[in-house]
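Listed below are the residues making up each chain.
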Amino acid sequence: MKTLALFIRKHYTRLLTLIAVLALWQIGVMVFEIKEFILPAPLTILAQLFLPRYASQHRWLTHISTTLSEILLSFCVTAVVGIAAAILMTWSRILRQIISPIIILFNSLPKIALAPLFLLWFGYGIVPNVMIAFLVAFFPIVINTFTGLNAVDEDLLDLVRYLHASKWQIFVKIQLPNSLPYIFSGFKISTTLCVVGAIVGEFIASTRGLGFLMKSAQGYMNTALMFASLLLISMLGVGFFSCIALLERWLMPWEES
Amino acid sequence: MAERKPLLSIRNVKKIFKTRDGELEALGDVSFDVYPGEFVSIVGPSGCGKTTLLKILAGLLLKSGGAIEVDQANFDPAREVGFVFQKALLLYWRKILDNVLLPVEILKMDRAPMKERARDLLKLVGLQGFEQSYPKELSGGMQQRVSIARALIHDPKLLLMDEPFGALDAITRERMNLELLRIWEEAKKTILFVTHGINEAVFLSDRIIVLSARPSRMVQALDINLPRPRTLEVRTLPEFGQYALQIYNSLEIR
Amino acid sequence: MAERKPLLSIRNVKKIFKTRDGELEALGDVSFDVYPGEFVSIVGPSGCGKTTLLKILAGLLLKSGGAIEVDQANFDPAREVGFVFQKALLLYWRKILDNVLLPVEILKMDRAPMKERARDLLKLVGLQGFEQSYPKELSGGMQQRVSIARALIHDPKLLLMDEPFGALDAITRERMNLELLRIWEEAKKTILFVTHGINEAVFLSDRIIVLSARPSRMVQALDINLPRPRTLEVRTLPEFGQYALQIYNSLEIR
Amino acid sequence: LTKVNFQLNWKITADHAPYYVALKNGWFKEEGLDVNIIIGQGSGYTVQVLDSGKAEIGISDAPVPIKGIAQGAKIKIVGIIFDKHPNCMYFWKDSGITKPQDIVGKTVAVPAADGHYVMWPAFAKQIGIEPDSVTFVNIEPSAKVAALATKKADVVFELYTGKPFMEKAIPPDQLGTILWSDYGFNAYAHSLIARNDVIEKNPEIVKGFLKAAYRGWDFVLKNPEEGVKILSEYHPINQTDYLANLMIVMEFFKTDRYKNYGIGYIDPQRMNDTIELVGKYMGIDINFKPEDAYTSEFLPDPPYKFEF
Amino acid sequence: MQKIVDAIKRHYQTVLVILGFFLVWQFSVMIFQVREFILPSPLVALEHLFLPQPDANYNWPVHINTTLYEVLISFAFTSLAGVAIAITMAWSKLINDLILPVFIFLNSLPIIAIAPIILLWFGYGILTNVLIAFLVSFFPVVINTAAGLNAVEEDLLDLVRYLHASKWQIFMKIQIPNSLPYLFTGLKICSTMCVVGAIVGEFIASDRGLGYIIINSQYTMDTPPIFAALILVSVIGTALFELVALGEKLLMPWHQTETEI
Ligand SMILES: Nc1ncnc2c1ncn2[C@@H]1O[C@H](COP(=O)(O)OP(=O)(O)OP(=O)(O)O)[C@@H](O)[C@H]1O
Ligand SMILES: Nc1ncnc2c1ncn2[C@@H]1O[C@H](COP(=O)(O)OP(=O)(O)OP(=O)(O)O)[C@@H](O)[C@H]1O
Ligand SMILES: [Mg+2]
Ligand SMILES: [Mg+2]
């Protein structure tokens, strides 16, 4: 009950922010008479989303579900592979030295510059976009998890080492719980990157999805539709981020005071 | 007991820490034997290397010299050691009961029956009712008691205890002393016990190893020939006072 | 002293912790006065709320009931309190000397002259040569001694000490006892001292507050009328033993 | 000198050489203009920049400003660049495509923000097939060549001027092309547009600019190597590739119209058709007269005629 | 002495890995006969960088300088601004609740997609580039620093609270040092993303820099300069990352583990 009230209160401030931003925007557009193809007003954008005349034409559900599944899938892949890579790097010095320069190198490359390569390697469809989102998003999880796993108090490790705990046990019983704050902040960074990555993937090659819709809106100079897709994209981002934050609170009950 | 093979044989063990500004000789040269079933206490000035020694014995630190022999035929160092650390070292993300059960999980023992045992141990250390609390909800002395219960849960043959009763009040400490003796006698454990309480050491031990200040050497290894089982009356014996004084005096040699 | 205004006046202070499974009454109802220049010890069973009480006095916890009056005219609670915590709580990223200097920085005092003082205090607690070490390179007892030096650095009028000597060996502890008395007398400090050592409490204090087990009430407030300045001989006085016994007995009431 | 911001349609391509030639040779200065050339972000962006007053003149694909004008943009088309529409489809010859109707049922890779994608419904209707009888894959512009070369798509839509780059990946004898304009697609494409208030208040700017710009075109059409060389002084480009690009660009200037009326000539009938097409296929009401969308009065006089 | 040997050993292995990477690249291009328009061999790319080309004069130093300059400025700006934002967020729950959603919102938008809007508002130039790099890379610093600031043991706060330390002092003396491992992790992520940001910024809003070379060469399918530029980009990224790692080592001497990425 209490947590529910808290939850509502939290979202209430956020909701207020959102409404305030939208209101300012609407008023700004009206006062300064900004033309639609430069910056559409929120109401115009919302019309694209909800007026049946537009909504049916844009087939929102298809695009949303495509993008959403890309985001969710890529986040799962990112989380699993990222944490696994961090574990491997913690366990083996050699692996660390092989993996880390490559991921650092790869991470400083703008993925969009590799578009032809991605098309060649992955083709198009949901799976390739998941791959691209993964490539965009996995670095923060790897490096955060790695730091967290190694930021454990030596004393806590002693606690199980004298029982000849296996590496895996040390990891599961001590390092993992101890690095949860690190892992979750890695997750939080990666959620938004997964969203970005999925969209970039759709830019590189796609047959549907919000990124696809945005590009075609750009071609038709339908700025309102572009903003409507952008709005949906970032709403997916915010929603996903909130889910992770919720999961964090649920998984770390000892943090409550 | 002397005819038996020692459980642990510590020979000229040294430990040198490398620090940024040179080397620090934490453990000068320590040698003694611990026989199965013995209760051996280690006393010595703060910073003389008692913790270091226990950690070396538990395999948590590498020694810089000397040798340690373990009677591996009768003793499995991987499963039969219990360690009470100087700090409580509770895992803050686990409830008290789960903290106590940690060694059970590491040793892959069956958790279900051990749960009952954990409850009993918590009762033994006076913490019934706190099974579902988190560590930060406990007082300093309560945390220390949890760590004692944790060291006992897997019924180890050898107990390494680093000032286990340091944060306890006199009464609780006394009760814990008696409980420890009872467990030791009943379960035929071997105990290596670091303490700052001279009386406590005399009261509990078969033998007391006195270490000098850093770089520590063994100043004395005093056999305590007081009757067993020990009761509180033992303290009133004149030998008790004498032993205590002897230790006090050899501690003063710095 | 009784004619003077108390520095601290503690009236029916209560503390109830809210936990996930209900409320926990940590401090039942405690009342006593501390006069300027007094040395007051608090003893009581583990988990009775001693730490909680000190934290309430230092403003680190909110009390659930009762009143605390501070003689604000003669005492500035913001700058003139020194707290030795039960855990050493050293900042692992600071060297020992810088750990000692922490209050100096917080109180925005001039760092340069205090550096010398910090060195002196470290020498006082027997840690010369460790100024540039990091906390993890120190033993348990050494860390505790650093935290004592830290509490003294800003020359506070009121010292709140939560088992400051718990991790020290007998000899060091005795030396620290004498040093503490010297500082207390010289600098006219007021000290509130939590300890588990009954003898220590009697040896040091003007008054001893005995708390019962949780929910704690004050069982006894015993004035110790032993001659000052106290020397080690005080312990041989018959009154000393009597005081100790009296406290022991009232502690047994649980 | 009057400062003029000139907004390109996209990153540097060979057809931008004339403006740099005019800049290098001081021809803009001769007209009293201090021209600043700005790299582009696409035709839509050009319209936005002009309408918000940040540039005076720009390059844009004709349908885009037409749609902009319908939405209230205060701009006009003042001159044409490509006289033939360069939209084109590329495919492997062995795919069996010989005429545009053959792509029914095929996978077509094209950036969704591209003019091809937008104009496709119009062209499809013109050649008598359903617009959605093909499967579109949106791709990054840079992936066009790879998409076709690796056969991830059956057909790629790309300007005919990109042919040399396609040929880098696909042997010229196996690369099939169909130029839309060969099948009756007659809309206008790249054009120069200007802001209405500039046209009204400072017509001499527009006039001077167009004169220098078409002079640049005249020069480049006659001296392509020289044009590319001058371009390379301003931008990191590969001269061989850009020259190949420019040679194809020239094909779109070799028309009777340009021969007779001069480079940049706006054919009213064709412009009307283009506007009509836009109204029909980009989902807008044409709420203005064709004359509101373009003006021919600033074209150089006498015109630069391209003899080939 | 030992340290130097260690350092050499570390770098030696890293260099080996990178060399290995290039070798694998070179050989797979040769063995699978990957066509140049898809993936040129590293040798061809490097040749473009170091040997004069008959038909192209790219003046690499100018572009490298531009990119380097942008990367450094935007990294400096992003790290400072990111930490400042995180501190304000940790400072006040209200501010946190108000701005966090905005940041998540901003960060979920692919910058490429909103590039025209940014350009319309801010025009071309270094400033826009820095802004884009900031938008791409500030989030990791903010999130990590905020997490670190909040991950302090209550007991350590008590240590200064009883001295009536100001909120600012608690930050400076306890929370910030305590959050350094988090902060540096954030900065490490940020360092590579800043490079991405600057390059993407050059795609969008520049007529100079390595990103500009990439985007320009893409049109003509001229892949060797693209990959030459990409190699340089990753060199810059790796160097910046190592710089941050070095800073971490220097600033956290107590954290003497041999485990760093
Ligand atoms: N990790 C370390 N690095 C450097 N020196 C260390 C380290 N650990 C301990 N020391 C040093 O070794 C010496 C012995 O430490 P140890 O913890 O064994 O003492 P101790 O006998 O347990 O003392 P106490 O009774 O105070 O706990 C101390 O002087 C300490 O400074
Ligand atoms: N944060 C907390 N949340 C809930 N309960 C708490 C919390 N802190 C302390 N308690 C409870 O309050 C009681 C008193 O704790 P306190 O730390 O004051 O004991 P203490 O007298 O200092 O004991 P010790 O001598 O063992 O240190 C204990 O029963 C403990 O469980
Ligand atoms: Mg110790
Ligand atoms: Mg306590």
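Residues numbered from 1 in each chain as written. Chains lettered and ligands numbered in written order. Predicted model: local features only at pLDDT ≥ 70, side-chain atom pairs only at ≥ 80, totals over all residues. Heavy atoms only, no water.

1. Concerning the packing of helix 3 (residues 60–91) of chain E against helix 10 (residues 223–251) of chain E
All names here are of chain E. Test applied: Throughout, an axis means a line fitted to C-alpha atoms (over the contacting stretch in the case of helices), and angles, computed between N-to-C directions, take values from 0 to 180 degrees. In this description a helix means any DSSP run of H or I spanning at least four residues, a strand means any run of E spanning at least two, and both kinds are numbered starting from the N terminus. Handedness of a crossing is defined here by the sense of rotation of the near helix relative to the far one, left-handed for an anticlockwise turn of less than a right angle and right-handed for a clockwise turn. In this description, contact between two residues means that some pair of their heavy atoms is separated by no more than 4.5 Å. Here the term charged refers only to Asp, Glu, Lys and Arg, the term nonpolar to Ala, Val, Leu, Ile, Met, Phe, Trp, Tyr, Cys and Pro, and the term polar to all other amino acids, Gly among them.
One can describe the packing of helix 3 onto helix 10 by two numbers: an axis separation of 11 Å at closest approach and a directional angle of 35°. Seen from above, helix 3 lies across helix 10 with right-handed handedness. Across the interface between the two elements, W60, I64, T67, L68, V71, L72 and F75 of helix 3 pack against P225, A228, A229, L232, I236, L240 and V244 of helix 10. Looking at side-chain class alone, the contact of helix 3 with helix 10 contains 13 nonpolar, one polar and no charged residues.

2. Concerning the interface of chain A and chain E
Here is the rule we go by: Here's the idea: put two parts together, see how much 1.4 Å probe accessible area each one loses, and the total over both is what we call buried area. Counted as salt bridges are all cases of a side-chain nitrogen of Lys or Arg within 4 Å of a carboxyl oxygen of Asp or Glu. In protein, a polar contact means a hydrogen-donor-capable atom and an acceptor-capable atom, both N or O and within 3.5 Å, with residues adjacent in sequence counting only if both atoms are side-chain atoms; elsewhere, any N or O pair within 3.5 Å suffices.
In this complex, chain A contributes 55 residues to the contact, which on the side of chain E involves 57 residues. Here chain A meets chain E over a buried area of about 5,200 Å², counting both sides, of which 77% is carbon and sulfur. Between chain A and chain E we count zero salt bridges in total. Along the contact surface separating chain A from chain E lie five residue pairs in polar contact (both at pLDDT 80 or more). Those elements that place two or more of their residues in the side of chain A that touches chain E are helix 1 (2–31), helix 5 (93–107), helix 6 (115–122), helix 7 (126–150), helix 10 (180–204) and helix 12 (223–251) of chain A. For the side of chain A that touches chain E, the residue count by class is 37 nonpolar, 13 polar and five charged.

3. So, the UniProt feature "domain: ABC transporter" (unreviewed entry) in chain B
Convention followed: UniProt positions are given in the numbering used here, feature names are shortened, and annotations may be inferred rather than shown by experiment.
Under the UniProt annotation, the feature "domain: ABC transporter" (unreviewed entry) is placed at residues 8–238 of chain B. The span residues 8–238 of chain B carries 31% helix and 27% strand; its end-to-end C-alpha distance comes to 32 Å.

4. Here's the deal with the coordination of the magnesium ion (ligand 3)
What counts is decided by this rule: Because no water is among the atoms considered, metal sites can look incomplete, with donors defined as N, O and S atoms within 2.8 Å of the metal, or 3.2 Å for Na, K and Ca.
Ligation of the magnesium ion (ligand 3) by protein atoms is provided by T51 of chain B (OG1) and Q86 of chain B (OE1), these donors lying 1.9 to 2.1 Å from the ion. Remark: Q86 of chain B occurs in the loop between strand 5 (81–84) and helix 2 (96–100) and T51 of chain B occurs in helix 1 (residues 50–57); sequence separation between them is 35 residues.

5. Some words on the sheet that holds strand 7 (residues 190–194) of chain B
The strands making up a sheet are joined through hydrogen bonds of the backbone, oriented either antiparallel or parallel. Residues and elements named next belong to chain B. Here is the rule: Note on pairing: DSSP must find at least two bridges between two strands before they are called paired.
Here we have nine strands laid out as an open sheet, ordered 4-1-2-9-8-3-7-6-5, and mixed in their pairing. The open sheet terminates on both sides in strands that have one partner only, identified here as strand 4 (65–70) and strand 5. Here the average twist between neighbouring strands, direction ignored, is 20°. Across five bridges, the pairing between strand 6 (residues 158–162) and strand 7 is parallel.

6. What about the sheet that holds strand 1 (residues 2–7) of chain D?
Residues and elements named next belong to chain D. Pairing is mixed across the open sheet formed by five strands, whose spatial order is 2-1-3-10-4. Of all strands in the sheet, those bounded by a partner on one side alone are strand 2 (33–38) and strand 4 (75–80). Geometrically, the sheet is characterised by an average inter-axis angle of 30° between neighbouring strands, direction not taken into account. Here strand 1 runs beside strand 3 (residues 57–61); their pairing, made up of two bridges, is parallel.

7. Focus: the site of ligand 1
Applied cut-off: Put simply, a residue is near a molecule or strand once any heavy atom of it comes within 4 Å of that molecule or strand. The Shrake-Rupley method, run with a 1.4 Å probe sphere, supplies the accessible areas, and residue values consider only the shown protein chains as cover.
Neighbouring ligand 1 are 23 residues, the closest being K50, T51 and T52 of chain B together with E137 and S139 of chain C. Ligand 1 sits at the junction of chains B and C, each of which supplies nearby residues. Interatomic distance of 2.5 Å between a side-chain N/O atom of T51 of chain B and an oxygen atom of ligand 1. Computed on the free molecule, ligand 1 has an accessible area of 640 Å², of which 90% lies beneath the protein chains in the complex.

8. Things to note about the pairing of strand 1 (residues 8–19) of chain B
Strand residues, when the strand is regular, have side chains that alternate between the two faces of the sheet. Residues and elements named next belong to chain B. Pairing of strand 1 with strand 4 involves five bridges; the strand directions are antiparallel. Within strand 4, the residue paired with R11 across the bridge is A67. As paired strands, strand 1 and strand 2 (residues 22–34) are joined by nine bridges and run antiparallel to one another. In the sheet register, T19 faces strand 2, and the bridge partner there is G22. Taken together, strand 1 and the strand that follows it, strand 2, pair antiparallel across an intervening segment of two residues.

9. Things to note about the coordination of the magnesium ion (ligand 4)
Octahedral metals with six donors have ideal donor angles of 90 or 180 degrees. Tetrahedral metals with four donors have an ideal donor angle of 109.5 degrees. All names here are of chain C. The test is simple: Working definition: with a 1.4 Å probe on protein chains only, accessible area under 20% of the residue-type maximum means buried, over 50% means exposed, and in between means partly exposed.
Donor atoms from the polypeptide that bind the magnesium ion (ligand 4) are T51 (OG1) and Q86 (OE1), placed at 1.9 to 2.1 Å. Given a relative accessible area of 22%, T51 falls into the partly exposed group. For Q86, a relative accessible area of 21% puts it in the partly exposed group.

10. Considering the packing of helix 8 (residues 154–161) of chain A against helix 9 (residues 167–178) of chain A
Residue and element names in this part refer to chain A. Inclusion rule: Relative orientations are named as follows: roughly parallel for angles under 35 degrees, roughly antiparallel for angles over 145 degrees, roughly perpendicular for angles from 65 to 115 degrees, and oblique for any other angle.
Where helix 8 meets helix 9, the closest approach of the two axes is 10 Å, and the angle between their N-to-C directions is 160°. Overall, the two elements helix 8 and helix 9 adopt an arrangement that is roughly antiparallel. Judged by the twist between their axes, the crossing of helix 8 over helix 9 is right-handed. Every residue of helix 9 that contacts helix 8 at L156, L157, V160 and R161 is listed here: I170, I174, Q175 and N178. Here the residues of the contact of helix 8 with helix 9 sort into five nonpolar, two polar and one charged.

11. Here we look at the nonpolar core
Heads up, the rule is: We define a nonpolar core as any set of buried Ala, Val, Leu, Ile, Met, Phe, Trp, Tyr and Cys residues linked to one another through side-chain atoms lying within 4.5 Å.
Counting residues in each nonpolar core, the largest one holds 361 residues, and the members touching the most others are W120, F209 and F253 of chain D. For this core, the element with the highest residue contribution is helix 8 (residues 167–205) of chain E, accounting for 18 residues. Beyond its immediate stretch of four places on either side in the chain, W120 of chain D contacts M89, I103, I129, P131, V134, F136, F157 and W180 of chain D.

12. Looking at a nonpolar patch on the surface
Residue and element names in this part refer to chain E. Condition: Patch rule: a residue counts if its relative accessible area is over 30% and it has no salt bridge; like charges are joined within 9 Å, and nonpolar side chains (Val, Leu, Ile, Met, Phe, Trp, Tyr) within 5 Å.
A cluster of nonpolar side chains, contributed by L23, F27, M30, I31 and F32, occupies part of the molecular surface with about 580 Å² of accessible area. Summarising the element assignment, I31 is placed in helix 1 (residues 2–31). Looking at I31, the relative accessible area reads 61%, which means it is exposed.

13. Topic: the domain arrangement of chain B
Accessible area lost when the parts come together is the quantity often used to give the size of an interface. Residues and elements named next belong to chain B. Going by this rule: Throughout the structure description, domain borders are defined by an automatic or database domain assignment.
As assigned here, chain B comprises domain 1 (1–72 + 158–167 + 178–254) and domain 2 (88–156). Contacts between the two partners involve 13 residues from domain 1, matched on the other side by eight residues from domain 2. Looking at the side of domain 1 facing domain 2, the largest losses of area belong to L159, A167 and K189, adding up to 43% of the total buried there. The interface formed by domain 1 and domain 2 includes one salt bridge. Where K189 meets D155, a salt bridge forms, and the shortest distance between an N and an O atom there is 2.6 Å. Here domain 1 is connected to domain 2 by five residue pairs in polar contact (both at pLDDT 80 or more). Among the elements of the structure, strand 6 and helix 6 (170–187) are those that each provide at least two residues to the side of domain 1 that touches domain 2. Looking at the side of domain 1 that touches domain 2, the element that brings in the most residues is helix 6, giving four residues. When its residues are assigned to classes, the side of domain 1 that touches domain 2 shows eight nonpolar, one polar and four charged.

14. Here we look at the confidence of the model for chain D
The cut-off we apply is this: What pLDDT conveys is the predictor's confidence in a given residue, as a value from 0 to 100.
Taken over all residues, the pLDDT of chain D has a mean of 90, while the share at 70 or more is 100%. Predicted complex, confidence summary: ipTM 0.89, pTM 0.90.

15. Considerations on the pattern of salt bridges
According to the stated counting rule, one finds 62 salt bridges over all chains in the structure shown. Here R161 of chain E makes a salt bridge to E154 of chain E, at a shortest N to O gap of 3.6 Å. Look at E154 of chain E and you get partly exposed, because its relative accessible area is 47%. When salt bridges that share partners are traced, they join E154, D155, D158 and R161 of chain A together with K55 and K87 of chain B into one network.

16. So, helix 5 (residues 115–127) of chain D
Residue and element names in this part refer to chain D. The following threshold applies: What a helix should span is 1.5 Å times the count of its residues minus one. A residue's bend is the angle separating two fitted axes: one through the seven residues that end there, the other through the seven that start there.
Helix length check: helix 5, at 13 residues, gives a terminal C-alpha distance of 18 Å against a target of 18 Å (1.5 Å per residue), a fit within 8%. By the largest-angle criterion, P121 marks the main kink of helix 5, which is about 40°. Among the 13 residues of helix 5, ten are classified as buried, and the element is accordingly described as predominantly covered. Among all positions of helix 5, only H116, Y117, V118, M119, W120, P121, A122, F123, A124 and I127 are buried.

17. As for the site of ligand 2
Around ligand 2, a shell composed of 23 residues is seen, among which E137, S139 and G141 of chain B together with T51 and T52 of chain C lie nearest. In the model, an oxygen atom of ligand 2 is placed 2.7 Å from a nitrogen or oxygen of the G141 of chain B main chain. One nitrogen or oxygen atom from the side chain of T51 of chain C is found 2.5 Å from an oxygen atom belonging to ligand 2. Considering ligand 2 on its own, with 630 Å² of exposed area, one finds that the protein chains cover 90% of that surface. Elements represented by at least two residues in the shell around ligand 2 include exactly helix 5 (140–152) of chain B together with strand 1 (8–19), strand 2 (22–34) and helix 1 (50–57) of chain C.

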